[in-house]
Amino acid sequence: MVPAIEVEALVKTFNRGRKNAVHALQGISFSVWPGEVVGLLGPNGAGKTTTIKCILGLISPTGGTTRVYGFDTRTHRREVVRRTSAVLEGSRNIYWRMSALENLDFFTGLYGMSLSESRPYSEKLLELFRLRDRKHVPVQELSAGMRQKVAVACALATRTPVVFLDEPTLGLDVETSYELRRSLKQLAEEENRTIILSSHDMHVVQDVCQRVIIMNQGRIVVDDTVDNLLSLFRTRAYRFVLSDGLREDLERQLRARFPEVVVRRDLQTVVEVVVSRPEEIYLLIDLFREAGLLIESITQQEPDLEEAFLRLVRGEVAC
Amino acid sequence: MLKELFCVMRAVFRQQIIMMRRYMFNTMSSMVTLYIVFMLLFFGVRAVGGAAVTTATLEGMVVGYALWMLSIMGYSDLAWGLIQEAQMGTLEKLYLSPLGFRWICGFRQLTGLIITLVMVTVLVGIIMLTTGVYLRLDLVSVLPLLLLGVLPAYGFGFMSAGLALIYKRIQSAFQILQFVFVGFMVAPASWPISAYLPLNMGNRLLNQVMVQGRRLWELDPSDIGTLVLVAAAYCGLGLALFGRMETVARDRGLLGHY
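Residues numbered from 1 in each chain as written. Chains lettered and ligands numbered in written order. Predicted model: local features only at pLDDT ≥ 70, side-chain atom pairs only at ≥ 80, totals over all residues. Heavy atoms only, no water.

A. Seen up close, the overall build of chain B. The helix and strand tally for chain B stands at nine helices and zero strands. Shown N-terminal to C-terminal, the secondary structure of chain B runs as helices and strands in the order α-α-α-α-α-α-α-α-α. A compact globule built from 258 residues should have a C-alpha radius of gyration of about 18 Å, and chain B, at 19 Å, falls within 12% of that. When the backbone C-alpha atoms are referred to their principal axes, chain B occupies close to 60 × 40 × 40 Å. A total of 258 residues make up chain B; the buried ones form 55% of that total. Considering only contacts within chain B whose residues lie at least 6 apart along the sequence, 80% involve residues at least 24 apart. Carbon and sulfur atoms provide 71% of the accessible area of chain B, an area that totals close to 11500 Å². (Helix = DSSP H or I, 4+ residues; strand = E, 2+ residues; numbered from the N terminus. Rg over C-alpha atoms; globule rule 2.2 N^0.38 Å. Buried < 20%, exposed > 50% of the residue type's maximum accessible area, 1.4 Å probe, protein only. Contact = heavy atoms within 4.5 Å. Areas by Shrake-Rupley, 256 points an atom, 1.4 Å probe, with all protein chains shown as cover.)

In structure tokens:
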């Protein structure tokens, strides 16, 4: 089977040969298989948008290759574009003076679709995103969330096998973000499309994506399934509740061994720690026992992707 | 491929009409401004020139003004249009059309030209009614000359659009160029270089047709040759520069910036 997307040794340097050269991508490689929903995560400047734009041919890479269904972006851009669509800057990607339906008609038209071909699916998307009642209203009169949904609908309406969503939930309130990701999840499940979703919103990625690629400073830090990534942290994050106070010398010992340890002293003493190897849990227990402390409870913390992301990007944990 | 082309053309045409309707106030106010500017020029020339101003001079003015209106509208549609797309964040989306941005640009210009032709015809009609200066509207002769005459302005439009892709804020240069067009158009025929200036030969030949009543086939073939050559040269140059700037913009990642 041909991968939906192949990225090989992709390099992008802006202002090449100058003092202020920016190495946006430093030789990244990955493949995405048809039907996969992949999250692209990373802090600002990690290279997520540059990666997407290189695949789409909107930015020329300095080195390496990108292919969509086997077509090289550099030599067969038209074939690549025919198979891809994108939301690139949230709701800035649509015409605010035109209505949702007019935008959908226009962008599907640009992909060579007649109205009779595009309208039934456009109407389905309007229904799915709960925009049907407002489909004739100019986009500028819609709420920020609705505008965002129109932008996503415009990208999906072209029915391309690959869809790039760059920050689709940027600036949305919790409720709208939840609604949008519910719709995206439904579409991903029903239509088996390949979706690459870049976002700062970990909940969107955790909820919608099967796999996540975490980038930092133009490099891939981790490329794994969301489940694997979460289970990795699930087994290593612990919360101890101690009956007595933690002496300062013991806290120093703990910090020397686990630099990110969190100690809270309220009615009880709570110690939160992430161990890098599972057997380190015994070391902790031994330390508490030797100090004569009673452990009232040990709970395995339920990590979310945000925590995993932060620790991976900071280099605290290696996968 | 043909079906795709047709669908893209229909989508662009429909979008342009919708946008024109949504920006109706802007469309109407630009027409009114152009009319007022012409009337001020017209009465100014008559008042200053007195008896020296002949009917032919006034007719020539109307022809020149019509060509200038068509030129600046076409030029600004292209250059401003691109800047606005970059501002709105839709430019990159247009680059994602499988048929390519050039086709979208081409269809947009075609639509713009049709709309502009209608607007200029209406304006010239109103100008003729108000001033009492009537021109000969032999469409068979006028249309080809008008189209070839404005093509250099489109060439400049492509050049400016290309520069806008890289440098973004070049509006002041745009505005100056609109007045430079007037200079190109009225440069005296006695200058050897004037025939090769944008809009100049078009203006001369349109005057021969609309003022002197000559037909297209009665015009000097070498003049028509020069008109075609100038149109092709400026348009080709504009497209080549635009292509070069597009490559630079892709390399620097500037398509989505403003």
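B. Looking closely at helix α1 (residues 48-56) of chain A. Residue and element names in this part refer to chain A. Taking burial as the measure, the nine residues of α1 include eight buried ones, the bulk of the element. K48, T50, T51, I52, K53, C54, I55 and L56 are the residues of α1 that are buried. Positive backbone phi, approximately 80°, marks G57, located one or two places after α1.

C. Fine view of helix α2 (residues 24-49) of chain B. Residues and elements named next belong to chain B. Helix length check: α2, at 26 residues, gives a terminal C-alpha distance of 37 Å against a target of 38 Å (1.5 Å per residue), a fit within 8%. Of the residues making up α2, those classed as buried are T27, M31, L34, F38, M39 and F42. Residues of α2 that are buried in the fold lie against α1 (2-22), α3 (55-88) and α5 (101-131). Following α2 by one or two positions, G50 adopts a phi angle in the positive range, close to 60°. (Expected span 1.5 Å × (residues − 1).)

D. Structural view of the interface of chain B and chain A. The interface is formed by 36 residues belonging to chain B together with 38 residues belonging to chain A. Carbon and sulfur atoms make up 51% of the area that chain B and chain A hide from each other, which totals about 3400 Å². On the chain B side of the interface with chain A, the three residues burying the most area are K93, L96 and P98 of chain B, jointly 22% of the side's total. As a salt-bridge pair, E117 of chain A and K3 of chain B come within 2.8 Å of each other at their nearest N and O atoms. One can count 19 residue pairs in polar contact (both at pLDDT 80 or more) joining chain B with chain A. At 12 residues, α1 of chain B tops the list of elements feeding residues into the side of chain B that touches chain A. By residue class, the composition of the side of chain B that touches chain A is 17 nonpolar, seven polar and 12 charged. (Buried area = accessible area lost by both parts, 1.4 Å probe. Salt bridge = Lys/Arg side-chain N within 4 Å of Asp/Glu carboxyl O. Polar contact = N/O pair within 3.5 Å; in protein donor to acceptor, adjacent residues only side chain to side chain. Nonpolar A, V, L, I, M, F, W, Y, C, P; charged D, E, K, R; others polar.)

E. Looking closely at the side chain of T131 of chain B. Residues and elements named next belong to chain B. Relative to the helices and strands, T131 is located in helix α5. Within the structure, T131 has its side chain in polar contact with the backbone oxygen of I127 (distance 2.6 Å). Look past the residues within four positions of T131 in its chain and what remains in contact with it is F38, M39 and F42.

F. Local environment of the sheet that holds strand β3 (residues 37-41) of chain A. All names here are of chain A. Reading across the sheet, the six strands line up as β6-β7-β8-β3-β9-β10 and stay open at both edges, with mixed pairing between neighbours. Each end of this open sheet is capped by a strand with a single partner; those strands are β6 (84-87) and β10 (219-225). Strand-to-strand, the axes of this sheet are offset by a mean angle of 15°, without reference to chain direction. In this sheet, strand β8 (residues 194-198) lies alongside β3 in parallel orientation, the contact comprising four bridges. By the bridge assignment for β8, L40 is matched with S198. Seen against the sheet, helix α5 (residues 144-156) touches β6 and β7 (162-166) and runs at an angle of roughly 175° to β6. (Pairing = 2+ DSSP bridges. Axes fitted to C-alpha atoms, helices over the stretch in contact; angles between N-to-C directions.)

G. Up close: the packing of helix α8 (residues 200-210) of chain B against helix α9 (residues 221-252) of chain B. Residues and elements named next belong to chain B. Between α8 and α9, the least distance of the axes is 9 Å, while the angle of their chain directions is 140°. With respect to their mutual orientation, α8 and α9 come out oblique. The two elements α8 and α9 meet at a crossing, and its hand is left-handed. Only D223, I224, T226 and L227 of α9 make contact with α8, whose side of the interface consists of M201, G202, L205 and Q208. Looking at the contact of α8 with α9 residue by residue, the classes come out as four nonpolar, three polar and one charged. (Parallel < 35°, antiparallel > 145°, perpendicular 65-115°, else oblique. Left-handed = near helix turned anticlockwise from the far one by under 90°.)

H. Highlighting the packing of aromatic side chains. Within this structure, the stated rule accounts for 16 aromatic pairs over all chains. Connected via pairs of aromatic rings, a cluster forms that spans F38, F42, F43, Y65 and W68 of chain B. Of note, R257 of chain A hangs over the ring of F258 of chain A, and the distance from its end group to the ring centre comes to 5.5 Å. Lying over the aromatic face of F107 of chain A, K93 of chain B brings its terminal NZ or CZ to 4.9 Å of the ring centre. (Phe/Tyr/Trp six-rings, centres within 6.5 Å; stacked < 30°, edge-to-face > 60°. Lys NZ or Arg CZ within 6 Å of the ring centre and 35° of its normal.)

I. Looking closely at the pairing of β7 of chain A. Residues and elements named next belong to chain A. In terms of residue burial, β7 counts as a mostly covered element, since five of its five residues are buried. Burial along β7 is two-sided: V162, F164 and D166 facing one way and V163 and L165 facing the other are all buried. Alignment of β6 against β7, held across four bridges, turns out to be parallel. Directly across from A86, in β7, lies its bridge partner F164. Bridge count for β7 against β8 is five bridges, and the pairing is parallel. Of the residues in β8, the one forming a bridge with V163 is I195.

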